[in-house]
Amino acid sequence: MDDLIVAIGVPVTIICIVFVIGCVVSMAWAFGAKYEKTTPYTLDQEWTRDPMLLSATDAAPLSAVHHDLGADELIGGSASGKW
């Protein structure tokens, strides 16, 4: 049993140390990187991007019958607001 601890534990420890050193080096290298400044969008500007429709889930509706709306409301929810 002690042989397995040494045979497995030492390589795993060395690999973890190498990964930690790699992470620290990559963070230190990217520390001074300059990224392009983005300007925030305001409502007085024209919107030039295409609409993006996203879904939180790919699940099918839960209800087996169409008049059971309570189960369908469990998936995705709804959006409301002033337009």
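See above for the structure.
Let me begin by describing the structure that accompanies this report. (Residues numbered from 1 in each chain as written. Predicted model: local features only at pLDDT ≥ 70, side-chain atom pairs only at ≥ 80, totals over all residues. Heavy atoms only, no water.)

### Examining the overall build of the protein chain
Then comes step 1: Along its length, the protein chain carries 2 helices and 0 strands.
Then comes step 2: The burial tally for the protein chain puts 2% of its 83 residues in the buried class.
Then comes step 3: When the accessible area of the protein chain is evaluated, it comes to approximately 8,800 Å², of which 67% is carbon and sulfur surface. (Helix = DSSP H or I, 4+ residues; strand = E, 2+ residues; numbered from the N terminus. Buried < 20%, exposed > 50% of the residue type's maximum accessible area, 1.4 Å probe, protein only. Areas by Shrake-Rupley, 256 points an atom, 1.4 Å probe, with all protein chains shown as cover.)

### What to know about a nonpolar patch on the surface
Then comes step 1: Taken together, Val6, Val10, Ile14 and Val18 make up a surface patch of nonpolar side chains, about 350 Å² in accessible area.
Then comes step 2: Structurally, Ile14 can be placed in helix α1 (residues 2–30).
Then comes step 3: With a relative accessible area of 48%, Ile14 lands in the partly exposed category. (Patch = residues over 30% accessible without salt bridge, like charges linked within 9 Å, V, L, I, M, F, W, Y side chains within 5 Å. Salt bridge = Lys/Arg side-chain N within 4 Å of Asp/Glu carboxyl O.)

Functional significance is not addressed by these values, which are geometric in nature.
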